[in-house]
Amino acid sequence: MMHYLWFDTETGGTNPKIHSLLTAYFALCDKDLNVFDELYLQLKPSDITKINVVQEAMDVNKINLEEHLKDPATITYEEGKLKLQAFLSRNKIKGKRRSFMPAGHNVAFDKEMLWNQMISQEEFEKDVHYRTIDTSSITTFLKDVGILPEDLGNLSSLVEHYGVPKREAHTAKDDVRMNIDVYRAMRKQIQAKKQDMIGGTTNSLLAIVEG
């Protein structure tokens, strides 16, 4: 069993190759989805003249870029990579090649942001598995089989549907915490349906025997 590595990023735009990575939050969970370690990063390129954002993205994430760059807690991508590697290193499972299963909502985007701006795919996947748990893909499947309504899709809609605590959307930490809650609710929903199926099968067999 691997640890769950839930993560999310806030960025200056939607193109991982050109737009800047501004914040990232990582939460490690056990098999029961209890968070046991976390890492929050405020980030900037080492050369701040190369920062690239679009106003539309900044309106969504509500990051004040001037304050962000002046904040002593904001570190360079190179420093962020070292902190992430140390975070993973201290939580590795002994004897396991890859100790972490990446998880999130639209994980591919966040991985691309990390790989293009802060840490290479090769370095990242030394410890983190290439397979993912993605609540966006899971939602698509559950809609396809008729378990979830068609109008669901983004994280906020899932939070509302499952009635989990609503936090501040489009902040990396709160998005991760809401996503963990959504995934926990999804697991309970499927586990309940599994029990219903088992119970239904048992009752059907009893009816046949008793009939």
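These notes cover the structure that comes with them. Being a predicted model, the structure only gives us computed values, none of them experimental.

## Some points on empty space enclosed by the protein
Part 1 of the argument: Taken as a whole and assessed by the stated rule, the structure comprises 1 cavity of 30 Å³ or more.
Part 2 of the argument: There is about 30 Å³ of room inside the largest cavity.
Part 3 of the argument: Around the largest cavity, the lining residues are Ser 156, Val 159, Lys 166, Arg 167, Ala 169 and Met 178.

## Focus on the environment of Leu 65
Part 1 of the argument: By the secondary structure assignment, Leu 65 is in helix α2 (residues 65–70).
Part 2 of the argument: Separated by 65 residues in the primary sequence, Leu 65 and Tyr 130 have C-alpha atoms spaced 32 Å apart.
Part 3 of the argument: If near-sequence neighbours (up to four positions away) are discounted, Leu 65 is found in contact with Leu 22, Ile 51, Val 53 and Met 58.

## Structural notes on the pattern of salt bridges
Part 1 of the argument: Inspection of every chain in the model, using the stated rule, returns 9 salt bridges.
Part 2 of the argument: A salt bridge links Asp 37 to Arg 90; its shortest N-O distance comes to 3.0 Å. One end of the pair, Asp 37, is in strand β3 (residues 35–44); the other, Arg 90, is in the loop between α3 (77–89) and β5 (100–104), and 53 residues separate them in sequence.
Part 3 of the argument: Its relative accessible area of 53% is what places Arg 90 among the exposed residues.
Part 4 of the argument: Sharing partners across several salt bridges, the network here consists of Glu 38, Lys 173 and Arg 177.

How each quantity is defined
- Residues numbered from 1 in each chain as written.
- Predicted model: local features only at pLDDT ≥ 70, side-chain atom pairs only at ≥ 80, totals over all residues.
- Heavy atoms only, no water.
- 1 Å grid on protein atoms, 1.4 Å probe; cavity = no way out; pocket = protein on both sides within 12 Å on 5 of 7 lines; lining within 4 Å.
- Points joined across faces, edges and corners; volume = space filled by probe spheres on them.
- Helix = DSSP H or I, 4+ residues; strand = E, 2+ residues; numbered from the N terminus.
- Contact = heavy atoms within 4.5 Å.
- Salt bridge = Lys/Arg side-chain N within 4 Å of Asp/Glu carboxyl O.
- Buried < 20%, exposed > 50% of the residue type's maximum accessible area, 1.4 Å probe, protein only.

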